[in-house]
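Listed here are the chains, written in short residue letters.
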Amino acid sequence: MERLLGDDAGPLSRLHAGGSVKVPSPFALYPVIGEHLAAIEAALPPARDANFAVFEGLSVKQQLALQAAAERQGSQAWQNLKHDGLSPAHLAGLDALTALELESAEQVEALVARLPD
């Protein structure tokens, strides 16, 4: 399997655009094909702007509570990527990512609980 980015990867613009980006990893489901890289990079700024807009007008506590909920939803997204064709290592990787999302949610929720209203 391959994955989109290596452990030290920066912006997508640093990736090779001449073909699939090939970084060995048990976690890749959809490697980037060079001909699609420009479309991905074009979609990033509007996606970033939409992400920021979600938090606009919310207090820090509300923003963090929303982030914690998103972490929990993200944990389920990793589980939804599972299918019978994945290797045991890949399934274990998705479980590890799920656990990371849940741990992050718990940490953010603990922070939210300590913040004043």
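Just above, that's the structure.
This write-up is about the structure you can find in this document. (Residues numbered from 1 in each chain as written. Predicted model: local features only at pLDDT ≥ 70, side-chain atom pairs only at ≥ 80, totals over all residues. Heavy atoms only, no water.)

## Concerning the overall build of the protein
Phase 1 of the analysis: The number of helices and strands found in the protein is 3 helices and 2 strands.
Phase 2 of the analysis: Counting helices and strands in the order they occur from the N terminus, the protein gives β-β-α-α-α.
Phase 3 of the analysis: Looking at the protein as a whole, 21% of its 117 residues are labelled buried.
Phase 4 of the analysis: Long-range contacts, defined here as pairs at least 24 residues apart, represent 49% of the contacts in the protein between residues at least 6 apart.
Phase 5 of the analysis: Per element, the accessible surface of the protein, about 7,900 Å² overall, is 60% carbon and sulfur. (Helix = DSSP H or I, 4+ residues; strand = E, 2+ residues; numbered from the N terminus. Buried < 20%, exposed > 50% of the residue type's maximum accessible area, 1.4 Å probe, protein only. Contact = heavy atoms within 4.5 Å. Areas by Shrake-Rupley, 256 points an atom, 1.4 Å probe, with all protein chains shown as cover.)

## Quick look at the side chain of threonine 98
Phase 1 of the analysis: Mapped onto the fold, threonine 98 is located in helix α3 (residues 88-114).
Phase 2 of the analysis: Under the relative-accessibility criterion, threonine 98 is labelled buried at 10%.
Phase 3 of the analysis: Look past the residues within four positions of threonine 98 in its chain and what remains in contact with it is Ser75, Trp78 and Gln79.

## Focus on the side chain of serine 75
Phase 1 of the analysis: Looking at the secondary structure, you find serine 75 in helix α2 (residues 60-80).
Phase 2 of the analysis: Each residue touching serine 75, except ones within four places of it in the same chain, is listed here: Thr98, Glu101 and Leu102.

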